[in-house]
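Listed below, chain by chain, are the residues.
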Amino acid sequence: MSATESSMNIARTAAKAASDKLADDIVAIDVSERLAITDIFLIASASNERQVNAIVDGIEEELAKEGLKPVRREGRSEGRWVLLDYATVVVHVQHEEDRVFYALERLWKDCPSVDLQLPDAESASGQE
């Protein structure tokens, strides 16, 4: 089973919002085969804590327009790694240093990427 269309739409909306706030290296990983609790991990990064929080704000604002609120939010006060849990999509916005250190893409490398349909298709799909 792969990620649902609904999950992909949420991920794409969140990715567009992150892109609008100048997030770097936005990728989505379909973890639905490996995890029963969610379909997609969306990962984005920023060079400083202020930008991490701005990206998070942008994502929450855009998804709120669609009536979506995170069921859980973690890490907001530190601004280094903020997790927004939308049940079927979990958004990770990380400081660049934390992203390199924790390497979520490497941990989930066996899972397929999701085409986020962002203008820069190379970074949007996670393909090189």
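Residues numbered from 1 in each chain as written. Predicted model: local features only at pLDDT ≥ 70, side-chain atom pairs only at ≥ 80, totals over all residues. Heavy atoms only, no water.

K.L.:
Explain the side chain of H92 to me, please; I cannot follow it from the model alone.
P.N.:
Structurally, H92 is set in strand 5 (residues 89–95). With sequence-adjacent residues up to four places away left out, H92 is seen in contact with F41, L42, I43, A44, W81, V82, L83 and L104. (Helix = DSSP H or I, 4+ residues; strand = E, 2+ residues; numbered from the N terminus. Contact = heavy atoms within 4.5 Å.)

K.L.:
I'm lost on the sheet that holds strand 2 (residues 40–46) in this one. Help?
P.N.:
Within a beta sheet, neighbouring strands are joined by backbone hydrogen bonds and run either parallel or antiparallel to one another. Strand order in the open sheet made by the five strands is 1-2-5-4-3, with mixed pairing throughout. For this open sheet the edge positions go to strand 1 (24–30) and strand 3 (72–74), each flanked by a neighbour on one side alone. Taken over all neighbouring pairs, the strand axes of this sheet differ in orientation by 10° on average, direction set aside. Strand direction decides the pairing type here: strand 3 and strand 4 (residues 81–85), joined by three bridges, are antiparallel. By the bridge assignment, E74 is partnered in strand 4 with L83. Packed onto the sheet, helix 1 (residues 5–20) meets strand 1, strand 2 and strand 5 and runs at close to 5° relative to strand 2. (Pairing = 2+ DSSP bridges. Axes fitted to C-alpha atoms, helices over the stretch in contact; angles between N-to-C directions.)

K.L.:
I keep staring at the nonpolar core and nothing clicks. Help me out?
P.N.:
As a rule of thumb, nonpolar side chains are buried together in soluble globular proteins. With 29 residues, the main nonpolar core has I26, I40, L42, I59, V91 and L116 as its most contacted residues. Put simply, the parts of the chain that give this core at least two residues each are helix 1, strand 1, strand 2, helix 2 (49–65), strand 4 and strand 5. Top contributing element to this core by residue count: helix 1, with seven residues. Setting aside residues no more than four positions away along its own chain, I59 makes contact with A14, A17, A18, L84, Y86, V91 and V93. In terms of nonpolar packing, the next biggest core, distinct from the first, is built from ten residues, I29, V31, F41 and L104 among them. (Core = buried A, V, L, I, M, F, W, Y, C linked by side-chain atoms within 4.5 Å. Buried < 20%, exposed > 50% of the residue type's maximum accessible area, 1.4 Å probe, protein only.)

K.L.:
Can you walk me through the pairing of strand 5 in this structure?
P.N.:
In terms of burial, strand 5 is a largely internal element, seven of the seven residues being buried. Side-chain alternation along strand 5 places V89, V91, V93 and H95 on one buried face and V90, H92 and Q94 on a second face that is also buried. Of the strand pairs in this sheet, strand 2 and strand 5 are connected by seven bridges, and their pairing is parallel. Bridge pairing in strand 5 places A44 opposite V93.

K.L.:
For this particular structure, what's the right way to read the pairing of strand 1?
P.N.:
Walk down a regular strand and you will see the side chains alternate between the two sheet faces. Among the seven residues in strand 1, five count as buried, and that is most of the element. With five bridges connecting them, strand 1 and strand 2 associate as antiparallel partners. Looking at strand 2, one finds that V27 is bridged to I43.

K.L.:
Is there a simple way to think about the packing of helix 1 against helix 2 in this case?
P.N.:
Two packed helices can be described by the angle between their axes and the distance between those axes. Contact geometry for helix 1 and helix 2: axes closest at 8 Å, N-to-C directions at 135°. Taken together, the axes of helix 1 and helix 2 lie oblique to each other. Crossing angle aside, the handedness with which helix 1 passes helix 2 is right-handed. For the pair helix 1 and helix 2, the contacting residues are I10, T13, A14, A17 and A18 in the first and I55, G58, I59, E62 and L63 in the second. Its residues assigned to classes, the contact of helix 1 with helix 2 shows seven nonpolar, two polar and one charged. (Parallel < 35°, antiparallel > 145°, perpendicular 65-115°, else oblique. Left-handed = near helix turned anticlockwise from the far one by under 90°. Nonpolar A, V, L, I, M, F, W, Y, C, P; charged D, E, K, R; others polar.)

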